[in-house]
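Inside the fold
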Amino acid sequence: MPIENEYKFALHDPEGKLEAKLLASDHFRVEIRQGYIRKGARIREWHDLQSQTIRYIFTYKHRVDDDVIEVETDITEEDFNRLWSVREYDVTKIRFKFIVDGMTWDVDFLKDHGKTYFSLAEVELPEAQRIVPTPPALIKDYVLGGTGRHDKTLSNKRLLHVDYAKQVEAAFIAGEDAVQELVSTYQVT
C-alpha cells in the first residue's frame, strides 16, 4: 500500500501574483471539489483544466504507527454524486503540479465563492525520506513557513473553514509561537 509522506508550506499571495503566474504557465492544473465523508474518507471531482476531462476519485487515509496509508481509486460519477450527498464538509481548490529536481510539488489555491482565501504548497517525498527540500524558486518568495510530518495545521479539512485559514495565515506571519498557540487552542471538527 502507498505510504503518504508529504510536507506542507503556507503561502502568502495577497495580490494573487503567484496564482496569476501559474495560470499563465503551462503547468498541469486541475479544479478539485473535495468532500469529506467521515474520518479518513474523501471523494474528489478532479477536473483537468487543460484537457477538460473529469475523474471521480475515492481516497481513504489512515495512520498506522508512524505512517499514513493512502488508498485511492477511481469511482463513477454516479457513485461520486451519491457520496457527495452525504459529505460532512467540502472544499474547492485549483491545484497546479510541477516537478523540480525529481520531486512533485502541488500548489493549491483554496476558493470561497470563486475567490482565493488561502494558498499552500506540498511536496510528496519517497517513503523513507525525512529531509524536507527547500521550496523551489517558483514559490520560495511566497512561503511563510512549513509544517512537519503528520502536522494537521495545513490540512485541507481544517483549512476549508475560512476563519481558521485566515487565522493560520496571520499566525504564520506572526511567527512560530503564534502558529503553535493557534494549533493548541483552535477547535476544528
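Shown above is the structure to which this text applies.
These remarks concern the structure in this document. (Residues numbered from 1 in each chain as written. Predicted model: local features only at pLDDT ≥ 70, side-chain atom pairs only at ≥ 80, totals over all residues. Heavy atoms only, no water.)

1. A few points about unusual backbone geometry
For Q52, which is not glycine, the phi dihedral falls at a positive 65°. Along the chain, Q52 turns up in the loop between strand 4 (41–48) and strand 5 (54–64). Positive phi is not limited to glycine here, since D101 has a value of about 50°. Looking at the element boundaries, D101 is found in the loop between strand 7 (89–100) and strand 8 (103–112). (Helix = DSSP H or I, 4+ residues; strand = E, 2+ residues; numbered from the N terminus.)

2. Quick notes on a negative patch on the surface
Taken together, the side chains of D151, E176, D177 and E181 present a region of like negative charge at the surface. Mapped onto the secondary structure, E176 falls in helix 6 (residues 176–185). When its relative accessible area of 48% is taken as the criterion, E176 is described as partly exposed. (Patch = residues over 30% accessible without salt bridge, like charges linked within 9 Å, V, L, I, M, F, W, Y side chains within 5 Å. Areas by Shrake-Rupley, 256 points an atom, 1.4 Å probe, with all protein chains shown as cover. Salt bridge = Lys/Arg side-chain N within 4 Å of Asp/Glu carboxyl O. Lys, Arg positive; Asp, Glu negative; His and termini not counted. Charge placed at Lys NZ, Arg CZ, Asp CG, Glu CD. Buried < 20%, exposed > 50% of the residue type's maximum accessible area, 1.4 Å probe, protein only.)

3. Regarding the side chain of E19
With respect to the element layout, E19 can be found in helix 1 (residues 17–24). At a separation of 2.8 Å, a polar atom in the side chain of E19 contacts the side chain of T116. The contacts of E19, once residues within four sequence positions are left out, are D13, F109, K111 and T116. (Polar contact = N/O pair within 3.5 Å; in protein donor to acceptor, adjacent residues only side chain to side chain. Contact = heavy atoms within 4.5 Å.)

4. Thoughts on the pairing of strand 9 (residues 115–124)
With 7 of 10 residues buried, strand 9 is to be regarded as a mostly interior element. Two strands pair when backbone bridges link them, and strand 2 (residues 6–11) and strand 9 are joined in this way by 6 bridges, in the antiparallel orientation. For L11, the partnering residue across the bridge sits in strand 9 and is S119. Counting the residues that bridge the hairpin from strand 8 to strand 9 gives 2 residues, and of these H113 lies at a positive phi of roughly 55°. (Pairing = 2+ DSSP bridges.)

5. Notes on the pattern of salt bridges
Within the structure shown, the criterion is met by 16 salt bridges. Between R44 and E72 there is a salt bridge, with its nearest N and O atoms 2.2 Å apart. In this pair, R44 sits in strand 4 while E72 sits in strand 6 (residues 67–74), placing the two residues 28 residues apart along the sequence. With a relative accessible area of 7%, R44 lands in the buried category.

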